[in-house]
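Listed here are the chains, written in short residue letters.
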Amino acid sequence: TNLFAVDAAAAEARVASLPAVRRVHVVRHLPGRVTVLVEEREPYALVNAGGLHWVDAEGYLVTGDARPGATGLPILTGVRAPVPGTAEPSEGLRAGLALLHVLQRTAGRLAARVSELDLARPHAPVLYLVDGIEVRLGSDAWSDRLARLDTVLGELDARGERMATIDLRF
């Protein structure tokens, strides 16, 4: 193909339409080479919505098939799966990802104990811990609430006590 006949913009648009592509740039190099630079979306979290869907840290779909391995983060439930090519992830998904970021930053030990983050609740997210405890988190001040949860769980573990539900909304 003649190098001048290559439609770089059209090639960029075709590659950019792939869900796993974050950014693409096509560069012509005279006299006879074309370079396609691709930045892929990195899988960050799993969304369970009619199947497992990998999303990146911004909430854009990476792929709809579950890849082997674990994220080390809870699975997000109660939100719609992102649609490839949509302008923005849903508000619920963005809120869930924001909570995951806070969970990672403020409570390293706690992140490993959370198995699911349910965002379907109308008033606030609910965390489900691997040992079956349901945690009603509240809709704001997540850093403070997660720090309190970490303390409460440490005290419960030290005393050997079990809880079914912990309510941090108040």
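Above this text is the structure in question.
Below is a short write-up of the structure. It should be emphasised that the depicted structure is a prediction, and the values quoted were computed from it without experimental measurement.

Here we look at the overall build of the chain
Next up, step 1: Summing up its helical and strand segments, the chain has 4 helices and 10 strands in all.
Next up, step 2: The order of helices and strands in the chain, counted from the N terminus, is α-β-β-β-β-β-β-α-α-β-β-β-α-β.
Next up, step 3: The C-alpha radius of gyration computed for the chain amounts to 21 Å, which surpasses the reference 15 Å derived for 170 residues by more than 25%, pointing to a less compact arrangement than a globule.
Next up, step 4: Based on the C-alpha atoms only, the size of the chain along its principal axes is roughly 75 × 30 × 30 Å.
Next up, step 5: Taking all 170 residues of the chain together, the buried fraction comes to 36%.
Next up, step 6: Across the chain, the fraction of contacts at a sequence separation of at least 24, relative to all contacts at a separation of at least 6, is 44%.
Next up, step 7: Of the side chains in the chain, 19 bear a positive and 21 a negative charge, and the two mean positions are spaced by 2 Å.

So, the pairing of strand β2 (residues 33–40)
Next up, step 1: As judged from the 8 bridges shared by strand β1 (residues 21–29) and β2, these two strands associate in the antiparallel manner. Residue pairing across strands places V21 opposite E40, the latter belonging to β2.
Next up, step 2: Count of turn residues in the β1/β2 antiparallel hairpin: 3 residues.

Section: the side chain of D56
Next up, step 1: Of note, D56 is situated in the loop between β4 (52–55) and β5 (61–63).
Next up, step 2: A distance of 3.0 Å separates a polar side-chain atom of D56 from the backbone nitrogen of E58.
Next up, step 3: Of note is the side chain of D56, whose polar atom sits 3.0 Å from the backbone nitrogen of G59.
Next up, step 4: The contact partners of D56, leaving out residues within four places of it in the chain, are R41, E42, Y44, V62 and L97.

Description of a nonpolar patch on the surface
Next up, step 1: Among the surface-exposed residues, V34, V36 and V38 lie close enough to one another that they form a single nonpolar patch of about 210 Å² accessible area.
Next up, step 2: With respect to the helices, strands and loops of the structure, V36 is situated in strand β2.
Next up, step 3: Taking relative accessible area as the criterion, V36 reaches 45% and is therefore assigned partly exposed.

Some details on the environment of L3
Next up, step 1: Along the chain, L3 falls in the segment before α1 (8–16).
Next up, step 2: With a relative accessible area of 8%, L3 lands in the buried category.
Next up, step 3: Note: C-alpha distance between L3 and T77 (74 residues apart in sequence) is 48 Å.
Next up, step 4: When residues no more than four places from it in sequence are discounted, the contact partners of L3 are R28, H29, L30, P31, G32, R33 and V34.

Some points on the environment of P82
Next up, step 1: Tracing the chain through its elements places P82 in the loop between β6 (75–77) and α2 (91–106).
Next up, step 2: Residue class for P82 comes out buried when judged on its relative accessible area of 13%.
Next up, step 3: Residues P82 and V55, spaced 27 residues apart in sequence, show a C-alpha to C-alpha distance of 7.9 Å.
Next up, step 4: With residues near it in sequence (within four places) discarded, P82 still touches V55, G59, L61 and L93.

Let's talk about the nonpolar core
Next up, step 1: Counting 30 residues, the largest nonpolar core has L76, L127, L146 and L149 as its most contacted members.
Next up, step 2: Elements represented by at least two residues in this core include exactly β3 (45–48), α2, α3 (108–111), β7 (114–118), β8 (126–129) and α4 (142–159).
Next up, step 3: Among the elements that take part in this core, α2 stands out by supplying 6 residues, more than any other.
Next up, step 4: Leave out the neighbours within four places in its chain, and L146 touches L99, V102, L103, T106, L110, L127 and L137.

Rules and cut-offs
Residues numbered from 1 in each chain as written. Predicted model: local features only at pLDDT ≥ 70, side-chain atom pairs only at ≥ 80, totals over all residues. Heavy atoms only, no water. Helix = DSSP H or I, 4+ residues; strand = E, 2+ residues; numbered from the N terminus. Rg over C-alpha atoms; globule rule 2.2 N^0.38 Å. Buried < 20%, exposed > 50% of the residue type's maximum accessible area, 1.4 Å probe, protein only. Contact = heavy atoms within 4.5 Å. Lys, Arg positive; Asp, Glu negative; His and termini not counted. Charge placed at Lys NZ, Arg CZ, Asp CG, Glu CD. Pairing = 2+ DSSP bridges. Polar contact = N/O pair within 3.5 Å; in protein donor to acceptor, adjacent residues only side chain to side chain. Patch = residues over 30% accessible without salt bridge, like charges linked within 9 Å, V, L, I, M, F, W, Y side chains within 5 Å. Areas by Shrake-Rupley, 256 points an atom, 1.4 Å probe, with all protein chains shown as cover. Salt bridge = Lys/Arg side-chain N within 4 Å of Asp/Glu carboxyl O. Core = buried A, V, L, I, M, F, W, Y, C linked by side-chain atoms within 4.5 Å.

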